[in-house]
Amino acid sequence: MPSYIDSILKESRVLYPHEEFSRNSHVKSMKEYSKIYKKSIENPEAFWAEKADELEWFKKWNSVLRNDHGFFKWFEGGELNASDNCLDRHVKSGNANKKAIIWEQESGKNRIYTYGQLLKEVCRFANVLKKKNVKRGDVVQIYLPMIPELPIAMLACARIGAIHSVVFAGFSSDALKDRIQDSSAVMIITADGSYRNGKVVSLKDNADNALKECPTVKNAIIVKRTGISINFVGGRDCWWDELMKEKEISDLCEPEKMHSEESLFILYTSGTTGKPKGILHTQAGYLLFASQTFRYIFDINNDDIYFCTADIGWITGHSYIVYGPLSNCATVVMYEGAPTYPSPDRFWRIIEKHEVTIFYTAPTAIRALAKEGNEWPNKCNLSSLRLLGTVGEPINPEAWMWYYETIGKKKCPVVDTWWQTETGGILISPLPGATPLKPGSATKPFFGIAADVLREDGSKANLNEGGYLVIKNPWPGMLRTVWNNPDRYKKTYFEKFGVYLTGDTAHIDEDGYFWIMGRSDDVIKVAGHRIGSAEVESSLVSHRAVAEAAIVPFPHEIKGQAIYAFVTLKKGFDKNDLLKEELRSHVSKTLGPIAKPDKIQFADDLPKTRSGKIMRRILKAIAEGSAEYGNITTLVDPNVVKILAENREK
Ligand code: PRX
């Protein structure tokens, strides 16, 4: 497969929206898009205030936007509740019987929650939280697989004003422990286990291990999903079902009146250095942005059935399974299990079974499923589909075209949506009824988003010149700070240029289209998952055999990027395959299976400058099998490069 950059340079296809699609969509032409975009940039406060009026408020705001020494405040003075906006509002307007969540289990069974039923469950669980003494402003740790209790727990937290912090259930106990210690959560909600590829995976053991070093957590609520036996800790652990059944637990729970800038949730994500950072999103701005982007970019109509394959443990699930769709009264399909279980047509079968109209997934899944062959999707009836989406990493034009032709049958626009945990919602994406598509480009900024590409010195890059992708103005869904670390917020995102630094590189073409090229920092996107080199390096160095480790990405046909580790061993340890396997499983245990290096090369020495800095640029070239190392004369020992290249893992 040619590299992404090679193929975008050659990419010249343009695909125009079909007339019928445009006619029925929210934004029907580029002219209309440009007019609204212009208005949103010229007067963002008026634009967002008008949009905010569409939410339900207990009290309207006094000011739309305020810059408090670099910390942005939206809709101050206003009061609302996210769960009220996602549930009560729709029940009151006659949608109690509309399907909110269609939950497809890995076993093939499904369970449906209407808006009325979901509201009742959320209220009951909110009352359970209150009974367990969770207060407004407390952090609640959620560590659950893709089961309905996950969105129910999130919305129940939102209802009582508790801050949820969801950790992806595929993360290890160490990763969970780090996050709980940083957030000081008072409670954890987890499950006995989960289903994955037909097998039961234990979850409670991980939680128990993490909790050994998390004294702030006083209570644990456990969902019985698989029935496997667990270690039940008396005085701390309770079963979800038993608490929900208690007679005194009411079906009604008044939503708290939350101030616009009170915290809604924390979600941890990897950065360049150190431990993952807790990205903080607040009430009104986040909800408004998730809601508006969902409506326009997925062009949602009342009878759509929308299926997003992300895990709710990531931001995509937060914004585009929970808050975006539910605030729009949409019907969401949420799937519990693995994409290829029991066979590689699982997603296509789900689309057929539930007559899905809008499908949102990641390039990794598209590439992996394309590789399985066209017979799988071709056996399924995909005629209900009208719109496709992708997110998480650059999509190569080949995969884009396969998605468009084989899944969308050339009639469904593909929205390539660029955004980040920090941005809360999509910032760059086509609007499907308006934007002509170029395979591999995320196209144009959403309303109110002043995206640009800058050079190292802060000047604007020329057309087609690669540079730093930045956002020059605040938007309602942006992160408000890094939990416990406001300095890190300022330093990471605003120090370099004084405007929001995304960490990505991109270029803009002559039509004003954005082409995302990848990360400019030490974050690696493995199968769309965001992994910090520093975390994997610390994990490796925590193994008794390892003296030093350096991590770089290398291109991978399915995962986009994979991890290549250069490892030097302590004296007395043998370089052998057994040790490589042990190191892989060590990373898997300490961080989670998604962070496992695909390749490990033992090295006696790493390329270092005289000041002791490891030259990753050189290691990256070696891992890619390229001889273009750049300048190596500043190295202590330039010979190291040759030795490493000769022993490269193929
Ligand atoms: O590098 C970009 C890539 O994913 C990063 C954000 O990762 P995360 O916070 O985990 O959020 C992922 C889901 C929103 C970005 O900095 N990325 C995301 N979407 C795209 C993308 N790269 C290229 N094209 C995209 N559509």
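Going by the structure above, here's the rest.
Residues numbered from 1 in each chain as written. Predicted model: local features only at pLDDT ≥ 70, side-chain atom pairs only at ≥ 80, totals over all residues. Heavy atoms only, no water.

### Quick word on the overall build of the protein chain
Summing up its helical and strand segments, the protein chain has 21 helices and 30 strands in all. The burial tally for the protein chain puts 61% of its 650 residues in the buried class. In the protein chain, once contacts between residues fewer than 6 apart in sequence are set aside, the share between residues at least 24 apart is 72%. By element, 50% of the accessible surface of the protein chain is carried by carbon and sulfur atoms, the whole surface being about 25200 Å². Between the averaged position of the 85 positive side-chain charges in the protein chain and that of its 81 negative side-chain charges there is a distance of 1 Å. (Helix = DSSP H or I, 4+ residues; strand = E, 2+ residues; numbered from the N terminus. Buried < 20%, exposed > 50% of the residue type's maximum accessible area, 1.4 Å probe, protein only. Contact = heavy atoms within 4.5 Å. Areas by Shrake-Rupley, 256 points an atom, 1.4 Å probe, with all protein chains shown as cover. Lys, Arg positive; Asp, Glu negative; His and termini not counted. Charge placed at Lys NZ, Arg CZ, Asp CG, Glu CD.)

### Considerations on the site of the ligand
Taken together, the neighbourhood of the ligand is formed by 17 residues, with Asp416, Thr417, Thr421, Arg519 and Arg530 sitting nearest. Glu393 places a main-chain nitrogen or oxygen 3.4 Å from a nitrogen atom of the ligand. Relative to its unbound accessible area of 540 Å², the ligand is 95% covered by the protein chains. Among the elements of the structure, helix H12 (315-327), strand E20 (414-417) and strand E25 (514-519) are those that each provide at least two residues to the shell around the ligand. Of the residues contributing to the shell around the ligand, the split by class is 6 nonpolar, 5 polar and 6 charged. (Near = heavy atom within 4 Å. Polar contact = N/O pair within 3.5 Å; in protein donor to acceptor, adjacent residues only side chain to side chain. Nonpolar A, V, L, I, M, F, W, Y, C, P; charged D, E, K, R; others polar.)

### Some thoughts on the packing of helix H7 (residues 149-160) against H12
The angle between the axes and the distance between the axes are what describe a pair of packed helices. At a closest axis distance of 11 Å, the pairing of H7 and H12 adopts a crossing angle of 60°. Considered as vectors, H7 and H12 are oriented oblique to each other. Here H7 runs over H12; the crossing is right-handed. Of H12, the residues touching H7 (which contributes Pro151, Met154, Leu155 and Ala158) are His318, Val322, Tyr323 and Leu326. (Axes fitted to C-alpha atoms, helices over the stretch in contact; angles between N-to-C directions. Parallel < 35°, antiparallel > 145°, perpendicular 65-115°, else oblique. Left-handed = near helix turned anticlockwise from the far one by under 90°.)

### Observations concerning the layout of surface pockets
Empty space within the second largest pocket amounts to approximately 480 Å³. Thr272, Lys491, Thr492, Leu501 and Asp521 are the residues nearest the centre of the second largest pocket, which is lined by 21 residues in total. Of all the secondary structure elements, the ones that give two or more residues to the lining of the second largest pocket are helix H17 (486-494) and strand E24 (500-508). Ranked by residues supplied to the lining of the second largest pocket, first place goes to H17 with 4 residues. Within the lining of the second largest pocket, the residues separate by chemical class into 3 nonpolar, 8 polar and 10 charged. (1 Å grid on protein atoms, 1.4 Å probe; cavity = no way out; pocket = protein on both sides within 12 Å on 5 of 7 lines; lining within 4 Å. Points joined across faces, edges and corners; volume = space filled by probe spheres on them.)

### Some details on the pairing of strand E27 (residues 529-532)
Here E27 shows a buried face lined by His529 and Ile531 and a second buried face lined by Arg530 and Gly532. With antiparallel pairing between neighbouring strands as the criterion, strand E26 (residues 523-526) and E27 make up a hairpin whose turn holds 2 residues, including Ala527 at a positive phi of roughly 50°. (Pairing = 2+ DSSP bridges.)

### Some points on empty space enclosed by the protein
In total, this model carries 3 cavities of 30 Å³ or more according to the counting rule given. For the largest cavity, the calculated volume is near 70 Å³. Taken together, Leu15, Tyr16, Pro17, His18, Tyr404, Lys411, Cys412, Pro413, Pro432, Thr435 and Leu437 form the lining of the largest cavity. Grouping the amino acids of the lining of the largest cavity by side-chain chemistry returns 8 nonpolar, 2 polar and 1 charged. For the second largest cavity, the full set of lining residues is Val166, Val167, Phe168, Phe171, Arg179, Leu267, Tyr268, Gly313 and Trp314. Class assignment of the residues belonging to the lining of the second largest cavity gives a composition of 7 nonpolar, 1 polar and 1 charged.

### Brief notes about the environment of Asp237
Locating Asp237 in the fold gives a position in strand E12 (residues 237-239). The spatial distance from the C-alpha of Asp237 to the C-alpha of Val541 is 35 Å, given a sequence separation of 304 residues. With near-sequence residues (within four places) excluded, Asp237 lies in contact with Lys204, Ala220, Ile222, Asn231 and Phe232. Among the polar contacts listed, one links the side chain of Asp237 to the side chain of Arg236, at a separation of 2.7 Å.

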